[in-house]
Amino acid sequence: MQRVTLVDVFKHRITQKYLQRSGIHHAVTVAGHAFDLALKAEVDPDLATKAALLHDMGHYEWYRDGKWDYEEYRKHDIHAIKGAERAHKLLIRLGEDRLVAKEVSLAVLLHTDSYLPFELEGKRTKLQEVVRKADEIDEQPLGMHHYKKMDKSVAIQLLNELDQKVEVILDDQV
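Treat the numbers as computed from the prediction; the structure is a model and nothing was measured. (Residues numbered from 1 in each chain as written. Predicted model: local features only at pLDDT ≥ 70, side-chain atom pairs only at ≥ 80, totals over all residues. Heavy atoms only, no water.)

This part covers the packing of helix α3 (residues 24-41) against helix α4 (residues 45-54). Interaxial distance between α3 and α4 falls to 8 Å at its minimum, and their mutual angle equals 155°. Considering their axes alone, α3 and α4 lie roughly antiparallel with respect to each other. Both α3 and α4 take part in a crossing whose hand is right-handed. Listed contacts from α4 to A27, V28, V30, A31, A34, F35 and A38 of α3 are P45, A48, T49, A52 and L53. (Axes fitted to C-alpha atoms, helices over the stretch in contact; angles between N-to-C directions. Helix = DSSP H or I, 4+ residues; strand = E, 2+ residues; numbered from the N terminus. Parallel < 35°, antiparallel > 145°, perpendicular 65-115°, else oblique. Left-handed = near helix turned anticlockwise from the far one by under 90°. Contact = heavy atoms within 4.5 Å.)

Phi is mostly negative for residues that are not glycine, and the peptide bonds are mostly trans. Although it is not a glycine, E42 adopts a positive phi angle of roughly 55°. Position of E42 relative to the elements: it lies in the loop between α3 and α4.

The final tally for this structure, using the stated rule, is zero aromatic pairs. Over the face of the ring belonging to Y18 we find R86, whose NZ or CZ atom lies 3.8 Å from the ring centre. (Phe/Tyr/Trp six-rings, centres within 6.5 Å; stacked < 30°, edge-to-face > 60°. Lys NZ or Arg CZ within 6 Å of the ring centre and 35° of its normal.)

What follows is about the environment of L94. With respect to the secondary-structure elements, L94 resides in the loop between α6 (79-93) and α7 (98-109). The exposure class assigned to L94 is partly exposed, which follows from its relative accessible area of 26%. Setting aside its immediate chain neighbours within four residues, L94 contacts V4, D8, V9 and H12. (Buried < 20%, exposed > 50% of the residue type's maximum accessible area, 1.4 Å probe, protein only.)

Mapped onto the fold, E96 is located in the loop between α6 and α7. Judged by its relative accessible area of 8%, E96 falls in the buried class. In terms of polar contacts, E96 uses its side chain to reach the side chain of K50, at 2.5 Å. What E96 contacts, discounting residues up to four positions off in sequence, is V4, K50, L91 and A101. (Polar contact = N/O pair within 3.5 Å; in protein donor to acceptor, adjacent residues only side chain to side chain.)

A side chain with one charge may pair with a side chain of the opposite charge, provided their charged atoms come close. Enumeration according to the criterion identifies nine salt bridges in this entry. A salt bridge links K50 to E96, with the nearest nitrogen and oxygen atoms 2.5 Å apart. Of the two residues, K50 is situated in helix α4 and E96 in the loop between α6 and α7; the sequence distance between them amounts to 46 residues. Taken as a pair, K50 and E96 share a single burial class, namely buried. Residues E85 and K82 are paired through a salt bridge, measuring 3.8 Å at the closest nitrogen-oxygen approach. With E85 and K82 both in helix α6, this residue pair falls three residues apart, about one helical turn. Of the residues examined, E85 reaches a relative accessible area of 43% and is grouped as partly exposed. Connected through salt bridges with shared partners, the residues R3, D46, K50, E96, D163 and E167 form a single ionic network. (Salt bridge = Lys/Arg side-chain N within 4 Å of Asp/Glu carboxyl O.)

Okay, here's the thing in structure tokens:
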């Protein structure tokens, strides 16, 4: 089975639709951080980068009177639940291994506990913690990290470079 790459994931129409909402720049940047953190934590960088790229694909927009309402968004936020479902469905459609799709979607689900009535501190797997930390590195107050811009061609170039780095690690493990 040929590995589903980050570029494959990024180019899919479903990914394009949802990353427009959560921010391509943020998704690609978090994937880069996840690669570095995965190496340090001895976590599979393929799983970490995929989960990081897709971690916010459950975002939706809360506008009131034509303006972004961050407080309303935070009050009703379930983006991690929606994102995990979307990530799993997308990866299966792309032909990803079912266990990989499950691990990635669980990491998407648990990259934040903002929607839960309890904290996940100390309960995440190493992969889930890598994705949480990678996301945290890029966060800005009031969700401004979601509004940084990145051209799709630049994103594809960066993800291709990341795919090559992941491939080197995976080849070394064989």
